[in-house]
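Observations on chain architecture
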Amino acid sequence: MSENAPEYLDFIKDAVAKDVAEGKTKAVRTRFPPEPNGWLHIGHAKAIFVDFGVAEYFKGECNLRFDDTNPEKEDISYVEAIKRDLRWLGYDWADREFYASDYYETLYELARKLIRMGLAYVDDLDEDEIRAYRGTNVPDKNNITYTPPGKNSPWRERSVEENLDLFAKMRAGKFADGAKTLRAKIDMGHPNLLMRDPVMYRIRREPHYRTGTAWCIYPMYDFQHPLSDAIEGVTHSLCSLEYEIHRPLYNWFIEHCEVFPSRQIEFARLNLTRTVLSKRLLIQLVRDKKVAGWDDPRMPTIAGLRRRGYSPEAIRDFLGRIGIAKTDSMVDIQLLEHCVRENLNKKASRHMAVLRPLKLVIDNWPKGQVEFLEAVNNPEDPAAGTRKIPFTGELFIENEDFRELPPPKYFRLFPGNQVRLRYAYIITCTGFDKDPVSGEITAVRCSYDPATRGGDAPDNRKVKGTIHWVSAEQAVDFEARLYDHLFAVDRPMDVAPGTSFLENFNPQSLEILSGAKGEPALACVEAGTCVQFERLGYFCADKSVLNADEDSKPGALVFNRTVGLRDTWAKIEKKG
RNA sequence: UCCCCGGUUGUGUAAUGGUAGCACAGCAGACUCUGGAUCUGUUUGUGGGGGUUCGAAUCCUCCCUGGGGAACCA
């Protein structure tokens, strides 16, 4: 699973290795803790790669734990989706599938333990009062904000007995939602605001997707997470940078609850150019109908990438290359694209397809004759074999492979020029038909050289251009969906204040071509399979996880462009 | 304001006091029945000042700069 693993240790493995060497850790155990409130995306994949990767490197185990302590947002459907994507990515958690919600009773007892130790108390302050007492930023007389020390809650010094009694009543539903909280008694003057008596439990009469109405109090992340780790014997709790400031609190709960000490280590989350990786923003794209859904092939979700044609190997290769560090970074999406190309180049079988068909007529071709020409399925993999493709006197070629007036360095078809039809014959362009009204070129005319069958030139003459084609009569029709980056700029979030990132949405992120033509073999490509259309790019027969009846199938073929081939010509043309 | 964490070519990431390397991108060339693939070559970097040291990306210090935090979310 760690193909392309670098030979050096990243800073996390380095730290874990030291813990092992010093005997602090015997068997390494990590965990991947998704909250079941959304779909997994490539950013999560990095976390998965780190969590499972570190465990694997030290021959330990990584648990899957659903961090489900907020009943308002979570749902079983997300659990299923997360497990599906995790498996697809190639990860296995065996029987170690856990839920923080299974720990509610233990967590409750640990909270009582803290109360008995005089380290937790029931507070009657409401939400706004808690914020005010905490000492959130306030503007002073010069309108400069500052952070004053917090003030103790008037309920902070309740007796252990009273706290125990009130906490039991909270659980029993004797109080209204939000009327009381259980708080850790730490230090209202602490410079780290999170240490100013954080809330451990809140009252919320919201049915939970797993525990139903059994509980009306729910534990908060800061209290629950370190203890869930402890319950599972997690030795290293790896998370993103934003939790760095939570670490003192994480350690405080471990120390005072006197439980198994897990070590939290933080690393930078993934950012990718020309897309967004935040659940909130992704939801907005779906809600505003900018994309067709969570598994729209433009989405950076695992399901979106899969539908786009990305393979798990390509994604893992990418994750291995970007490295792990504490620097906030913005990875160029071209690296991801490089990884798919490299992966698909090795395994995708080649086909010929024409996206924007232009009729090509071979005037000296024997009328009605059909020949079957041999084509290799994958030049990178001889074992993939060959296939026969029908060839006739009426073909479709790519519209952009013909120019009435060729620009400099253009070596495809133009009047008088020779090109090779891939695997077929060398032809010479003799002219073209033009609609006198619209000025549109309706057909290109040429003659073929019978001595060049298969595409070889017996006289060794140099033919610079080779273009792809499809025999008109035998062609299968399909719909091509050409996908491009979701956003037209590298950093979609960089917008003027008051404007939305949606301003940067790329209107050309999807182009649908309904009249595409392909060689007959395309009719049998199964939904979900990726192929290369020669000279065009990698395409994946559409397959959605949501509605199977929309899948690509014979008679209704749909191919999604995963990524185009490297296009040197486009660069030349751009430079002029 | 306060607290925490960062700054190595265009973008990521190594070098753990001892020759600043790798990948992607870029550029140039070779080869090619995909303007693909492959191969070769190549441009660009330690945020700044001071200090310690024979020697500093690395240690100290000040400054600059970026990110994060101040939810009864995770």
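Residues numbered from 1 in each chain as written. Chains lettered and ligands numbered in written order. Predicted model: local features only at pLDDT ≥ 70, side-chain atom pairs only at ≥ 80, totals over all residues. Heavy atoms only, no water.

Next up on the list: the pattern of salt bridges. Applying the stated criterion across every chain, the model contains 53 salt bridges. The closest approach of N and O atoms between D124 and R158, which form a salt bridge, is 2.4 Å. With D124 in the loop between strand 4 (120–123) and helix 5 (127–134) and R158 in the loop between strand 6 (145–146) and helix 6 (160–171), the pair connects residues that are 34 residues apart, well separated along the chain. For D124, a relative accessible area of 23% translates into the label partly exposed. (Salt bridge = Lys/Arg side-chain N within 4 Å of Asp/Glu carboxyl O. Helix = DSSP H or I, 4+ residues; strand = E, 2+ residues; numbered from the N terminus. Buried < 20%, exposed > 50% of the residue type's maximum accessible area, 1.4 Å probe, protein only.)

This part takes up the sheet that holds strand 25 (residues 530–533). Spatially, the 7 strands line up as an open sheet ordered 12-25-26-27-23-24-13, and their pairing is mixed. Across the chains shown, the open sheet's two edge strands, defined by having one partner strand only, are strand 12 (349–351) and strand 13 (353–354). Direction of pairing for strand 23 (residues 476–483) relative to strand 24 (residues 510–518): antiparallel, over a ladder of 7 bridges. If you follow R481 over to strand 24, its bridge partner there is I512. Packing of helix 12 (residues 333–347) onto the sheet brings it into contact with strand 12, strand 25, strand 26 (537–541) and strand 27 (558–564), and relative to strand 27 it is tilted by some 120°. (Pairing = 2+ DSSP bridges. Contact = heavy atoms within 4.5 Å. Axes fitted to C-alpha atoms, helices over the stretch in contact; angles between N-to-C directions.)

One can read the domain layout of chain A as domain 1 (7–267), domain 2 (279–350 + 478–575) and domain 3 (353–468). Each of domain 1 and domain 2 has a C-alpha centre, and the two are 36 Å apart. Taken together, the contact pairs 25 residues of domain 1 with 26 residues of domain 2. Three residues stand out in domain 1 for area buried against domain 2, namely W39, I42 and W88, and they jointly supply 33% of the buried area on that side. In this structure, the connection of domain 1 to domain 2 is made through 2 salt bridges. Here R306 makes a salt bridge to D85, at a shortest N to O gap of 3.0 Å. Across the domain 1-domain 2 interface, the total number found is 6 residue pairs in polar contact (both at pLDDT 80 or more). Of all the secondary structure elements, the ones that give two or more residues to the side of domain 1 that touches domain 2 are helix 1 (11–21), helix 2 (42–57), helix 3 (76–89) and strand 11 (263–267). (Domains from an automatic or database assignment. Buried area = accessible area lost by both parts, 1.4 Å probe. Polar contact = N/O pair within 3.5 Å; in protein donor to acceptor, adjacent residues only side chain to side chain.)

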